[in-house]
Amino acid sequence: MGTLLVKNADTIVTCDDADHVFTHADLLATDGVITYVGPTGANAAAAPSAADEVIDARGKVVYPGLVNTHHHFYQIFTRNYPEVQNLELFPWLTTLYEYWKNIDPEVMRYATYSALGELVKGGCTTCFDHHYVFPNGVDGLMEAEFDAASQIGTRMVVSRGSMSLSKKDGGLPPDSVVQSVDAILSDSQRAVEKFHDPAPFSMRQVVLAPCSPFSVTKDLLVESAKLGRSLGVRLHTHLCETLDEERFTIEATGMRPLAYMESVGWVGPDVWFAHGIHFNDDELRVLAQTGTGVAHCPISNMKLSSGVARVSDMLKLGIPVGLGVDGSASNDGSSLLEEMRVGFLLHRLNESYNAPTGYDLLKIATRGGAKVLGRPEIGQLASGKAADLFMIDANRLELTGAMEDPKAVLAVVGWRGPVDRTVVAGKTVMQGGHLVGIDEERAAAEADACWRRFVEKNA
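Residues numbered from 1 in each chain as written. Predicted model: local features only at pLDDT ≥ 70, side-chain atom pairs only at ≥ 80, totals over all residues. Heavy atoms only, no water.

**A closer look at the overall build of the protein chain**
Our working rule: Helix numbering and strand numbering both begin at the N terminus, where a helix is a DSSP run of H or I of at least 4 residues and a strand a DSSP run of E of at least 2. With the radius of gyration taken over C-alpha atoms, the globule rule is written as 2.2 Å times the number of residues to the power 0.38. For the exposure calls, accessible area comes from a 1.4 Å probe over protein chains only, and a residue counts as buried if that area is under 20% of its type's maximum, exposed if over 50%, partly exposed in between. Accessible surface is estimated by sampling points in the Shrake-Rupley manner with a 1.4 Å probe; for residues, cover comes only from the protein chains shown. Under the counting rule used here, the positive set is Lys and Arg, the negative set is Asp and Glu, and His together with the chain ends is not counted. For the purpose of locating charges, the reference atoms are NZ of Lys, CZ of Arg, CG of Asp and CD of Glu.
Looking only at helices and strands, one finds 15 helices and 19 strands in the protein chain. For 459 residues, the compact-globule estimate of 2.2 N^0.38 gives 23 Å, and the protein chain sits close to it at 21 Å. Principal-axis analysis of the C-alpha atoms gives the protein chain an extent of 65 × 50 × 45 Å. Here the protein chain, with 459 residues, has 60% of them falling under the buried criterion. Total accessible area on the protein chain stands at roughly 16,800 Å², and carbon and sulfur atoms take up 50% of it. Side-chain charges of the protein chain comprise 40 positive and 58 negative groups, with the mean position of each set lying 1 Å from the other.

**So, the layout of surface pockets**
Convention followed: Cavities and pockets were defined on a 1 Å grid built from protein atoms only: a cavity is a group of points that admits a 1.4 Å probe but offers it no way out, a pocket is an open group of points flanked by protein on both sides within 12 Å along at least five of seven lines, and a lining residue is one with an atom within 4 Å of any such point. Grid points are joined across faces, edges and corners, and a volume is the space filled by probe spheres set on the points.
Of the voids in this model, the largest pocket is the one considered here, and its volume is about 350 Å³. Mapped by element, the contributors of at least two residues to the lining of the largest pocket are helix 2 (105-121) and helix 15 (440-457).

**Structural notes on empty space enclosed by the protein**
Heads up, the rule is: Amino acids are sorted into nonpolar (Ala, Val, Leu, Ile, Met, Phe, Trp, Tyr, Cys and Pro), charged (Asp, Glu, Lys and Arg) and polar (every other residue, Gly among them).
For the structure on display, the rule yields one cavity of 30 Å³ or more. Considering only enclosed or pocket space, the largest cavity measures out at about 110 Å³ in volume. Along the walls of the largest cavity sit 15 residues, with His-72, Leu-89, Trp-92, Leu-93 and His-238 positioned nearest its centre. Ranked by residue count, the leading element in the lining of the largest cavity is helix 1 (residues 89-100), at three residues. For the lining of the largest cavity, the per-class residue count stands at seven nonpolar, six polar and two charged.

**Let's talk about the environment of Asn-301**
Cut-off, in case you're wondering: By definition, residues are in contact when any of their heavy atoms lie within 4.5 Å.
Its place among the elements puts Asn-301 in helix 9 (residues 298-303). For the pair formed by Asn-301 and Val-325, sequence separation is 24 residues and the distance between their alpha carbons is 9.9 Å. Among residues more than four places away in sequence, those in contact with Asn-301 are His-275, Ile-277, His-296, Ser-306 and Gly-307.

**Regarding helix 2**
What counts, and what does not: Expected helix span is taken as 1.5 Å per residue step, with the number of steps being one fewer than the number of residues. Any pair of nitrogen or oxygen atoms within 3.5 Å is treated as a polar contact; in protein, a donor-acceptor pairing is required on top of that, and neighbouring residues in sequence qualify only through side-chain atoms on both sides.
In a regular helix each residue adds 1.5 Å, so 17 residues correspond to 24 Å; helix 2 covers 24 Å between its end C-alpha atoms and thus fits that length. Every buried residue of helix 2 is accounted for by Val-107, Met-108, Tyr-110, Ala-111, Thr-112, Tyr-113, Ala-115, Leu-116, Gly-117, Leu-119 and Val-120. Two or three places before Glu-106, at the start of helix 2, stands the capping residue Asp-104, its side-chain oxygen 3.1 Å from that residue's backbone nitrogen. Following helix 2 by one or two positions, Gly-123 has its phi on the positive side, about 85 degrees.

**So, the pattern of salt bridges**
Keep this limit in mind: Each reported salt bridge corresponds to a side-chain nitrogen of Lys or Arg within 4 Å of a carboxyl oxygen of Asp or Glu.
Within the structure shown, the criterion is met by 29 salt bridges. Note that Arg-285 is salt-bridged to Asp-282, the shortest N-O span being 2.4 Å. On the criterion of helical spacing, the pair formed by Arg-285 and Asp-282 is a turn pair, its members being three residues apart in helix 8 (residues 281-290). Judged by relative accessible area, which is 39%, Arg-285 ranks as partly exposed. Three or more residues are tied together by salt bridges with common partners; here these are Glu-143, Arg-160, Asp-187, Arg-190 and Lys-194.

**Some remarks on the nonpolar core**
To be explicit about the condition: Grouping buried Ala, Val, Leu, Ile, Met, Phe, Trp, Tyr and Cys residues that are joined through side-chain atoms within 4.5 Å yields what is termed a nonpolar core.
With 118 residues, the main nonpolar core has Trp-100, Phe-279 and Leu-410 as its most contacted residues. When residues of this core are assigned to their parent elements, the largest contribution, nine residues, is made by helix 2. Residue contacts for Leu-410: discarding those within four places in its chain leaves Tyr-63, Leu-337, Met-340, Arg-341, Leu-362, Phe-390, Ile-392 and Trp-415. The next biggest cluster of nonpolar side chains, apart from the first, holds 18 residues, and it includes Val-6, Ala-9, Ala-57 and Met-391.

**Here we look at the pairing of strand 2 (residues 21-30)**
Where we set the bar: Whether two strands pair comes down to DSSP finding at least two bridges between them.
As paired strands, strand 1 (residues 3-13) and strand 2 are joined by eight bridges and run antiparallel to one another. Counted as the bridge partner of Val-6 is Leu-27 from strand 2. Pairing of strand 2 with strand 3 (residues 33-39), which is carried by six bridges, proceeds in the antiparallel orientation. When the sheet's bridge partners are listed, Ala-29 is paired in strand 3 with Ile-34.

**Notes on the packing of aromatic side chains**
Using the following cut-off: Aromatic rings from Phe, Tyr and Trp, with only the six-membered ring used for Trp, were paired whenever their centres fell within 6.5 Å, and each pair was classed as stacked if the ring planes differed by under 30 degrees, edge-to-face if by over 60, and tilted otherwise. In this analysis the charged atom, NZ for Lys or CZ for Arg, is taken to sit over a ring once it is within 6 Å of the ring centre and within 35 degrees of the ring normal.
Going through the model one piece at a time under the given rule, you end up with 12 aromatic pairs. Plain terms: the ring middles of Phe-77 and Phe-454 are 5.7 Å apart, the flat faces sit at 90 degrees to each other, and that makes the pair edge-to-face. Here Phe-77 is found in the loop between strand 7 (71-72) and helix 1, whereas its partner Phe-454 is found in helix 15, with 377 residues between them in sequence. For the pair formed by Phe-77 and Phe-454, the shared burial category is buried. Here the aromatic rings of Tyr-110 and Tyr-113 are separated by 5.7 Å at their centres, their planes lie at 70 degrees, and the arrangement is edge-to-face. Of this pair, Tyr-110 and Tyr-113 both sit in helix 2, three residues apart, which is roughly one turn of that helix. Here the two residues Tyr-110 and Tyr-113 agree in accessibility, since each one is buried. Every member of this aromatic cluster is reached through a ring pair, and the members are Tyr-74, Trp-92, Tyr-97, Trp-100 and Tyr-132. Between the NZ or CZ atom of Arg-160 and the centre of the ring of Phe-134, over which it lies, the distance is 3.9 Å.

**Digging into the environment of Leu-243**
The residue Leu-243 is located in helix 6 (residues 243-253) in this model. The class for Leu-243 is partly exposed, based on a relative accessible area of 42%. For the pair formed by Leu-243 and Gly-137, sequence separation is 106 residues and the distance between their alpha carbons is 34 Å.

That is the geometry; function is a separate question.
Now the structure itself:
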């Protein structure tokens, strides 16, 4: 992979253990791993002649690559549908399942290009996609995702999600996307054995992720946890997203959602939940004591009128918290930079002085996401960590007077449009607003044609 030198950066915001911010700084990486971060000229090994690739970062601010901890790529094809724009979660889901039951590998490929492409343009270098819709008789969905992500060049984590509780059994999804427990477990093991690379700095990993308490059976949760732990992979699901879900779980199990998940073995440092809006004080303490994480998705929570997660309380208790854009149909976009600013403003409105700071949001989107995904080698710029980063040009009219605090500017002021460059494993994957690994113009035209076929199929 060679040696990369990022030289003469105006500022490097490391998000490391000491919260270092270096000015007039260099970063050196060998084979995708950082070997030096610090003042320009302080490391003899950082001489330009010693590097295979040199990036002159004069005028730039360099940040750790962002980590997306919750998404649903396939939903790209149902964005901005008029009939669901003003619905809340349960009716929103039941309407859109009738579209999603027709996804196929072609849809997954182009949805991945679109979702992941937007994420990368916004500085994201590692993404988790919670994929749980597996229509009967359709194969190759995870293969399509991993292949597209490989072309773009990002670290990709994909779930072998699942649903086992259909409408006829009291759940929400149609029969055509529901599978038996045995079929799910068999394919889950196949997916882990085929795709999961547990090594540090790996580019592809697998998570087991039954969809939610209202779309899976108890035995699936129990057996998925057993299988995941026997295979050494992490566990993920939606939890405490809405009051409808809370009522459903209490009526179906006699327990609140987190108590139910505890009863089936779904807490611990290898588990994280999407949303976590409606946890009470006692439940937050359980999350903290067990090391169970949360993926915070502020824009989706606002659009679906689900509520506001207690992020400041979570941070005070030491609960691992990452940032997620959630599904493109409940967000209508895939930008973690936008998520950071909206999250900052939402919590300022809701909590005033107790709200997370702008820098807190950056760390949630970097180190927090790394913690949630169990990836200590990403999320910060320090020796021995992954050379995953992005940079912005601070010398723009849009940032005039805004760079007094580069740690907080992305959340407090915000950044619109693509960053200047995104680097993953020491390789540039996006520069000047364009992805390096694919022909964007061709991909966009093919994706649009694929979407139109999808729409016609569902007409």
